[in-house]
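Examining the three-dimensional arrangement
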Amino acid sequence: MADESVAKSFYSVLILAFVCSLLVAGAAVGLRPMQEANKLKDQRKNILYAAGLYEPGTSIDELFKPIETKIVNLSTGKYVPEDQLSPESYDQLKAALTAAGGRLLAPDQDLAGLRRLEKYSLVYLVRNKKDGEISQIILPVRGKGLWSTMYAYVAVDADANTIRGVSFYEHGETPGLGGEIENRRWQDGWQGKKLYTADGKMELKVIKGTVDPSGQQAPYQIDGLSGATLTANGVSKLMEFWFGEHGFKPYLKQLRENQNG
Ligand SMILES: Cc1cc2nc3c(=O)[nH]c(=O)nc-3n(C[C@H](O)[C@H](O)[C@H](O)COP(=O)(O)O)c2cc1C
């Protein structure tokens with residue numbers, strides 16, 4: 001009798017566990033498209049924010065409509081034709097991990113701590129309504145901070161040198177310390193800063209302390225993050241990497257050359 005009731009309880013628990021696991025697995029699979037849609041929306045919001053085009057209360061999809069998404073070959077700086085690679089389905093983080101879509105970075109090249117770099121990157125173009133000329137380009141960047149990989153979009157003016165805005169949107173730095181990279185007030189300080197000196201050297205960096213606006217280097221300097229110098233150094237390094245030879249420098253060079261003739 002006792003054996004029978006133990007077996008009954010055992011089977012009841014087993015059935016309950018099975019039903020629960022089905023429910024959890026079903027919810028995970030069922031909610032995935034929604035999670036992906038939300039992730040895309042969040043990315044778009046941050047692209048718009050970096051470009052200074054985000055308007056609270058207006059639909060993200062509506063605001064994003066005029067933004068053109070393209071793919072750039074990082075080593076040549078040239079656009080990749082859409083029939084070769086579709087911007088809608090291209091995932092550069094996944095591509096970086098493959099033999100065909102990415103490559104291993106040598107330690108002396110790997111300033112941003114990426115280990116592997118994709119061959120192609122997405123870029124986002126904003127055009128003037130009047131003449132259709134490019135007014136700004138938004139570029140995805142990433143690199144190691146103290147604890148995590150930090151992800152951001154950097155909007156650069158058509159001069160391929162002046163920063164229009166930045167949006168750090170994903171990281172695992174400490175809230176209140178390195179996490180201040182998310183602070184919109186700190187990000188606002190990036191507007192109008194220059195990437196390159198007149199002789200083409202990538203000069204922009206996050207300094208320790210506050211920028212002296214009368215200083216000669218002020219156009220290339222971003223205010224530091226107090227108590228978070230290691231995260232700030234990571235930001236400087238990732239900028240140096242992505243706006244250097246292995247990142248977007250060849251692309252920005254192409255853009256400048258096309259504008260000049
Ligand atoms: C719990 C804990 C979390 C920390 N998180 C960060 C961080 O996210 N980013 C960072 O740069 N420093 C962080 N630090 C501080 C660093 O260890 C280091 O002291 C700091 O980067 C030096 O910056 P400072 O020269 O501006 O003080 C953290 C320290 C502790 C104890």
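Quick note: structure is the one above.
We now turn to the structure provided with this report. The model shown is predicted, which means the values in this text are computed figures rather than measured ones. Here the residue numbering is sequential within each chain, running from 1 through the sequence in written order. pLDDT decides what is reported in this predicted model: residues at 70 or higher carry local features, side-chain atom pairs at 80 or more are listed and counted, and totals for whole chains, interfaces and linings draw on all residues regardless.

**Digging into the overall build of the chain**
A tally of regular secondary structure across the chain gives 6 helices and 9 strands. Computed over C-alpha atoms, the radius of gyration of the chain comes to 23 Å, more than 25% over the 18 Å expected from 2.2 N^0.38 for 261 residues, which places it beyond the range of a compact globule. Counting only C-alpha atoms and orienting by the principal axes, one finds that the chain spans roughly 90 × 45 × 45 Å. In the chain, once contacts between residues fewer than 6 apart in sequence are set aside, the share between residues at least 24 apart is 52%. Put simply, DSSP marks the helices as runs of H or I at least four residues long and the strands as runs of E at least two long, and each gets a number from the N terminus on. The globule rule used for comparison is 2.2 Å times the number of residues to the exponent 0.38, while the radius of gyration itself is calculated over C-alpha atoms. We call two residues in contact if the C-beta atoms placed from their backbones are at most 7 Å apart.

**Quick look at the site of the ligand**
Inspection of the region around the ligand gives Leu146, Trp147, Glu173, Thr174, Leu177, Gly178, Ser226, Gly227, Ala228, Thr229, Leu230 and Thr231 as its neighbouring residues. The classification used treats Ala, Val, Leu, Ile, Met, Phe, Trp, Tyr, Cys and Pro as nonpolar, Asp, Glu, Lys and Arg as charged, and all other residues, Gly among them, as polar. Of the residues belonging to the shell around the ligand, the class tally is 5 nonpolar, 6 polar and 1 charged. We call a residue near a molecule or strand when its C-beta atom, built from the backbone, sits within 6 Å of it.

**Some thoughts on the nonpolar core**
Residues enter a nonpolar core if they are buried, belong to Ala, Val, Leu, Ile, Met, Phe, Trp, Tyr or Cys, and are joined to the set through C-beta atoms within 7 Å. Neighbour counting defines burial: a residue surrounded by 20 or more other C-beta atoms within 10 Å of its own C-beta is buried, one with 12 or fewer is exposed, and intermediate counts give partly exposed, using backbone-placed C-beta atoms. Ranked by internal contacts, the top residues of the largest apolar core, which has 49 residues, are Ile138, Leu139, Val154 and Trp242. Elements that contribute at least two residues to this core include exactly helix 1 (2-51), strand 1 (68-73), strand 4 (120-127), strand 5 (134-144), strand 6 (149-157), strand 7 (163-170), helix 5 (229-242) and helix 6 (249-259). Those residues within four positions of Trp242 in sequence are excluded, and the remaining contacts are Ala112, Leu139, Val141, Gly247 and Phe248.

**Quick look at the sheet that holds strand 7**
Strand pairing is defined by DSSP finding a minimum of two bridges between the two strands. Reading across the sheet, the 5 strands line up as 1-4-5-6-7 and stay open at both edges, with antiparallel pairing between neighbours. The strands lining the two open edges of the sheet, one partner per strand, are strand 1 and strand 7. Pairwise comparison of adjacent strand axes, ignoring direction, gives a mean angle of 30° for this sheet. Both strand 5 and strand 6 contribute to a ladder of 9 bridges, which runs antiparallel. Within the sheet, the bridge partner assigned to Ile138 lies in strand 6 and is Ala155. Whenever a helix is involved, its axis is fitted only over the stretch in contact; in every case the axis is a line through C-alpha atoms, and angles between N-to-C directions fall within 0 to 180 degrees. Across the sheet, helix 5 lies against strand 5 and strand 6, angled at about 125° from strand 5, the strand it touches most.

**As for helix 6**
Three or more residues of helix 6 are buried, namely Tyr251, Leu252 and Leu255. Around the axis of helix 6, the buried residues are gathered within 95° of arc, so they sit on the same side. Packed against the buried residues of helix 6 are strand 1. In this description, one arc is meant: the one made by directions from the helix axis to the C-beta atoms.

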